[in-house]
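Fold and contact review
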Amino acid sequence: MIKFLDLKKINQLHSLEIDEAVRRVVKSGQYILGEENHNFEKLYANFIGTGHTVSCGNGLDAIYLILRAYIELGKLAPGDEVIVPANTYIATVNAVIQAGLIPVLVEPDALTLQVSSEEIRKSITEKTIAVLIVHLYGRCAFSQEIADICALNNLLLIEDNAQAHGCKFGAARTGSLGNAAAHSFYPGKNLGALGDGGAITTNDSELARTIRALANYGSSKKYIFDYIGRNSRLDEMQAAILSAKLKHLDAENSRRVEIANIYYRGITNPAVTLPTRAPEGQNVYHLFPVLTTERDKLQKYLEKNGVQTLIHYPVPPHKQKAMPQCQSLSLPVTEYIHNSELSLPVSPVLTNEEVEYVVTLINNWRPEY
Ligand SMILES: *Cc1c(COP(=O)(O)O)cnc(C)c1O
């Protein structure tokens with residue numbers, strides 16, 4: 001069986017360093033808000049290329065904390081509109097709603113699967129205060145047009161970088177391209193902890209300070225509370241493990257790119273559409289999505305032949321029971337993607353032979369069978 005994502009195998013590669021990190025934390029006697037967090041925040045800020053990293057409990061909280069901090073700083077107010085791609089993981093939209101803001105869902109481009117700058121432009125109203133882009137599937141969603149639209153309309157640009165750690169736009173990394181960015185270290189992400197984890201990156205010192213307080217009960221000083229905050233902290237254990245794994249991230253992402261290249265060179269079945277390729281460096285292939293009208297048939301066929309695939313995602317946010325206010329929206333491109341997307345295995349521990357085998361299977365597939 002070719003597993004979609006063999007986390008055990010991925011972490012086994014770093015088992016000595018992970019064991020060392022765990023032992024170090026156990027011995028330290030400090031398990032929350034200590035040296036390991038401090039160290040990881042420095043390493044990660046340096047890696048992403050921002051002045052600050054603030055670690056937190058998970059990716060959902062990271063997005064929420066950015067929005068809440070802007071509210072506390074008076075740059076956003078409850079009821080303001082935030083433009084969000086309609087095709088994203090539910091967390092992006094959840095965070096906006098939980099912060100008391102209104103998500104405005106916009107259609108992606110059908111060829112790149114990334115939010116369309118034209119659709120962003122068309123969705124701006126006098127209540128729009130921020131644009132939240134998502135580097136979905138590991139592909140950079142930022143463009144100069146989006147930056148220009150935000151600058152022209154005086155909008156905050158926030159990145160959801162949960163799926164794209166290490167991705168680039170020119171010489172810069174995603175996570176450094178807007179006013180602030182949210183990151184998730186959920187175990188299955190390109191940079192994954194052995195539990196939950198998240199972070200915010202930004203160059204804005206005041207924002208970083210506010211987020212740091214909000215993530216720790218609103219406390220800026222021990223037992224002094226400035227805000228009604230949350231408890232959203234990264235364990236010392238996870239911080240130590242992430243510091244060890246960060247060293248290998250670029251190499252693992254390069255392996256993902258090699259695997260994607262095999263798919264792009266090899267897959268020729270006209271019934272299966274690949275997204276257009278991103279410019280050099282602008283995709284770290286958290287996932288490798290393909291599109292076909294017979295998605296469920298292709299998934300069953302691959303499964304029967306020993307290849308595990310997943311769907312990202314079967315139901316778009318606006319069609320979820322949790323979001324009754326969006327049910328009436330018509331978002332045909334988003335719905336088309338959700339009805340036809342299938343993610344092929346692209347994890348860095350696959351061998352070339354395994355990837356070639358997936359290519360051969362797909363090329364031999366006929367949707368009418
Ligand atoms: C995983 C993910 C999140 C949320 O991260 P958690 O750590 O699971 O809370 C947010 N946005 C996107 C696009 C994600 O893929």
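What this report covers is the structure whose coordinates are included nearby.

Calculation notes
- Residues numbered from 1 in each chain as written.
- Predicted model: local features only at pLDDT ≥ 70, side-chain atom pairs only at ≥ 80, totals over all residues.
- Heavy atoms only, no water.
- Helix = DSSP H or I, 4+ residues; strand = E, 2+ residues; numbered from the N terminus.
- Rg over C-alpha atoms; globule rule 2.2 N^0.38 Å.
- Buried < 20%, exposed > 50% of the residue type's maximum accessible area, 1.4 Å probe, protein only.
- Contact = heavy atoms within 4.5 Å.
- Areas by Shrake-Rupley, 256 points an atom, 1.4 Å probe, with all protein chains shown as cover.
- Lys, Arg positive; Asp, Glu negative; His and termini not counted.
- Charge placed at Lys NZ, Arg CZ, Asp CG, Glu CD.
- Near = heavy atom within 4 Å.
- Polar contact = N/O pair within 3.5 Å; in protein donor to acceptor, adjacent residues only side chain to side chain.
- Nonpolar A, V, L, I, M, F, W, Y, C, P; charged D, E, K, R; others polar.
- Salt bridge = Lys/Arg side-chain N within 4 Å of Asp/Glu carboxyl O.
- Axes fitted to C-alpha atoms, helices over the stretch in contact; angles between N-to-C directions.
- Left-handed = near helix turned anticlockwise from the far one by under 90°.
- Expected span 1.5 Å × (residues − 1).
- Pairing = 2+ DSSP bridges.

1. Observations regarding the overall build of the protein
Helix and strand counts for the protein come out as 13 helices and 13 strands. Taking 369 residues into account, the globule formula puts the C-alpha radius of gyration at 21 Å, and the protein, at 21 Å, falls close to it. Along the longest, intermediate and shortest principal axes, the C-alpha atoms of the protein span 65 × 55 × 40 Å. Here the protein holds 369 residues, and 56% of them are scored as buried. Long-range contacts, defined as pairs at least 24 residues apart, comprise 71% of the intrachain contacts of the protein with a sequence gap of at least 6. For the protein, the accessible area works out to roughly 16100 Å², and carbon and sulfur atoms hold 52% of it. The average position of the 35 basic charges and that of the 39 acidic charges among the side chains of the protein differ by 4 Å.

2. A look at the site of the ligand
What surrounds the ligand is the set Asn58, Gly59, Leu60, Tyr89, Ala91, Thr92, Val134, Asp160, Ala162, Gln163, Ser184 and Lys189. Within the side chain of Lys189, an N or O atom sits 2.7 Å from an oxygen atom of the ligand. A total of 380 Å² of accessible area belongs to the ligand in isolation, and the protein chains cover 91% of it. Mapped by element, the contributors of at least two residues to the shell around the ligand are helix H4 (59–72) and helix H5 (90–98). Classifying every residue of the shell around the ligand gives 5 nonpolar, 5 polar and 2 charged.

3. Some words on the pattern of salt bridges
When the charged atoms of two side chains lie near each other, side chains of opposite charge can form a pair. What the rule picks out here adds up to 12 salt bridges. Measuring nitrogen to oxygen at the nearest pair gives 2.8 Å for the salt bridge that ties Arg24 to Glu20. One end of the pair is Arg24 and the other is Glu20, both in helix H2 (residues 15–28) and 4 residues apart, which spans about a single turn. Given a relative accessible area of 32%, Arg24 falls into the partly exposed group. Residue Glu36 pairs with Arg24 through a salt bridge whose shortest N-O separation is 2.7 Å. Taken as a pair, Glu36 in helix H3 (residues 35–48) and Arg24 in helix H2 lie far apart in primary sequence, 12 residues in all. By relative accessible area, Glu36 is classed as buried at 11%. A single network of salt bridges, built from pairs that share partners, joins Glu20, Arg24 and Glu36.

4. Considering the packing of H3 against helix H9 (residues 236–246)
Running from N to C, H3 and H9 cross one another at 35°; their axes reach a closest spacing of 8 Å. Every pair of crossing elements has a handedness; the one defined by H3 and H9 is left-handed. Between H3 and H9, the residues in contact are Glu35, Glu36, Asn37, Asn39, Phe40, Leu43, Tyr44 and Phe47 and Glu236, Ala239, Ala240, Leu242, Ser243 and Leu246, respectively. Considered class by class, the residues forming the contact of H3 with H9 number 8 nonpolar, 3 polar and 3 charged.

5. Structural notes on helix H10 (residues 249–266)
Over its 18 residues, H10 runs 26 Å from end to end, which matches the ideal 26 Å to within 8%, given 1.5 Å per residue. Every buried residue belonging to H10 is among Leu249, Glu252, Asn253, Arg255, Arg256, Ile259, Ala260, Ile262, Tyr263 and Tyr264, and all of these are buried. On its buried side, H10 packs onto helix H1 (7–12), H3, H9, strand S12 (288–291), strand S13 (341–344) and helix H13 (352–364).

6. A look at the sheet that holds strand S5 (residues 156–160)
In spatial order, the strands read S1-S9-S8-S5-S4-S2-S3; together these 7 strands make up an open sheet with mixed pairing. One side of each edge strand has no neighbouring strand; the edge strands of this open sheet are strand S1 (52–56) and strand S3 (102–106). Within this sheet the neighbouring strands show an average axis-to-axis angle of 20°, counted without direction. With 3 bridges connecting them, S5 and strand S8 (residues 180–184) associate as parallel partners.

7. Structural notes on the pairing of S12
The alternating pattern of S12 places Phe288 and Val290 on one face and Pro289 and Leu291 on the opposite face, and all of these are buried. Pairing geometry for S12 and S13, over 4 bridges, is antiparallel. Residue pairing across strands places Phe288 opposite Leu344, the latter belonging to S13.

Don't take any of this as a statement about function, it's just geometry.
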